[in-house]
Amino acid sequence: MSTNDSTHPLACSVNGRAVRLRPDPRESLLDVLRERLALTGTKKGCDQGHCGACTVHVDGRRVLSCLTPAVQVDGQAVTTIEGVTGDDGGLHPLQQAFIDNDALQCGYCTPGQIMSGIACIAEGHTRTDDEIREYLSGNICRCGAYVGIVAAVRQTVDGS
Ligand code: FES
Ligand code: FES
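Residues numbered from 1 in each chain as written. Chains lettered and ligands numbered in written order. Predicted model: local features only at pLDDT ≥ 70, side-chain atom pairs only at ≥ 80, totals over all residues. Heavy atoms only, no water.

1. Observations concerning the pattern of salt bridges
Where charged atoms from two side chains of opposite charge come close, those side chains can pair.
Thought 1: Taken as a whole and assessed by the stated rule, the structure comprises nine salt bridges.
Thought 2: The residue Glu-123 makes a salt bridge to Arg-62 at a minimum N-O spacing of 2.9 Å. Of the two residues, Glu-123 is situated in helix α3 (residues 110-123) and Arg-62 in strand β4 (residues 61-64); the sequence distance between them amounts to 61 residues.
Thought 3: The class of Glu-123 is partly exposed, set by a relative accessible area of 38%.
Thought 4: Since its relative accessible area comes to 23%, Arg-62 is described here as partly exposed.
Thought 5: Note that Arg-154 and Asp-158 form a salt bridge whose closest N and O atoms lie 3.7 Å from each other. Of this pair, Arg-154 and Asp-158 both sit in helix α5 (residues 146-159), four residues apart, which is roughly one turn of the helix.
Thought 6: Accessibility expressed as a relative area gives 57% for Asp-158, which makes it exposed. (Salt bridge = Lys/Arg side-chain N within 4 Å of Asp/Glu carboxyl O. Helix = DSSP H or I, 4+ residues; strand = E, 2+ residues; numbered from the N terminus. Buried < 20%, exposed > 50% of the residue type's maximum accessible area, 1.4 Å probe, protein only.)

Structure (C-alpha cells):
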C-alpha cells in the first residue's frame, strides 16, 4: 500500500469491520470497496452518478459510492450488499423477496436496487407503489425488471 504524501488516512467501518487505509484523495469509495477490500458485490455501472448500481449505505443513508470520495467516509459506518445478511448468514428479507418476485434478470443492478430498497423501506417511502417507484427511480435496470422490483419491496413492507 502506498504511503506517499498524496494519500490520506481513512478510518471507518465496513460491514462492521474496522478498516484503516491511506487512499488517494481522488479515489472513490466504490473503487476502495471493490479494488482494495475485494467487496465486488457493489457494482460499477456508469461511474458518473447516473445508474445507482454502486449504491451503498453510509451511517444508514444511501449514497452513490462512485461519487463519494473514500476519505469522506472517515469515522463513518459503511454497509454494502455483503453486509445486509443476518447474523446467521441468511438472506435479508428483501433479498428473498427479489427471488420470490423474479426481480432480476442479469443481476448487475440488483445489489444497488436492494441497497436502495432497504433504505426506501427504512425511510418510509412505501405508502404506494408509485412512491416506491419514485424513490427507486435513481436505480436503473436495463433488463426492465421494475415490476418485480416494486413487488419485492411491497412484499417486504407487507411482511414486516
Ligand atoms: Fe455510480 Fe452508476 S456507478 S451511479
Ligand atoms: Fe439486469 Fe437489472 S437485472 S440490469
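2. Things to note about the packing of helix α2 (residues 93-100) against α3
Thought 1: For the pair α2 and α3, the least separation of the axes is 10 Å and the interaxial angle reads 125 degrees. In terms of orientation, α2 and α3 fall into the oblique class. Regarding α2 and α3, the two cross each other, and that crossing is right-handed. From α2, Leu-94, Gln-95 and Phe-98 reach across to α3, where they touch Thr-110, Gln-113, Ile-114, Gly-117 and Ile-118.
Thought 2: Split by residue class, the contact of α2 with α3 holds four nonpolar, four polar and no charged. (Axes fitted to C-alpha atoms, helices over the stretch in contact; angles between N-to-C directions. Parallel < 35°, antiparallel > 145°, perpendicular 65-115°, else oblique. Left-handed = near helix turned anticlockwise from the far one by under 90°. Contact = heavy atoms within 4.5 Å. Nonpolar A, V, L, I, M, F, W, Y, C, P; charged D, E, K, R; others polar.)

3. Considering the pairing of β4
Thought 1: Judged from the four bridges that link them, strand β3 (residues 55-58) and β4 form a sheet pairing that is antiparallel. Bridge pairing in β4 places His-57 opposite Arg-62.
Thought 2: The turn linking β3 back onto β4 is made up of two residues, and Asp-59 within it adopts a positive phi angle of 50 degrees. (Pairing = 2+ DSSP bridges.)

4. Considering the layout of surface pockets
Thought 1: The volume enclosed by the largest pocket comes to roughly 160 Å³.
Thought 2: Around the largest pocket, the lining residues are Gly-45, Cys-46, Cys-51, Ala-53, Cys-106, Tyr-108, Cys-109, Ile-140, Cys-141, Arg-142 and Cys-143.
Thought 3: Here the lining of the largest pocket is built from residues that sort into nine nonpolar, one polar and one charged. (1 Å grid on protein atoms, 1.4 Å probe; cavity = no way out; pocket = protein on both sides within 12 Å on 5 of 7 lines; lining within 4 Å. Points joined across faces, edges and corners; volume = space filled by probe spheres on them.)

5. Side note on α5
Thought 1: Between its first and last C-alpha atoms α5 spans 20 Å; for 14 residues at 1.5 Å apiece the expected length is 20 Å, and the two agree.
Thought 2: Among all positions of α5, only Gly-148, Ile-149, Val-150, Ala-152, Val-153, Arg-154 and Thr-156 are buried.
Thought 3: Next to the buried residues of α5 lie α2, α3 and α4 (129-135). (Expected span 1.5 Å × (residues − 1).)

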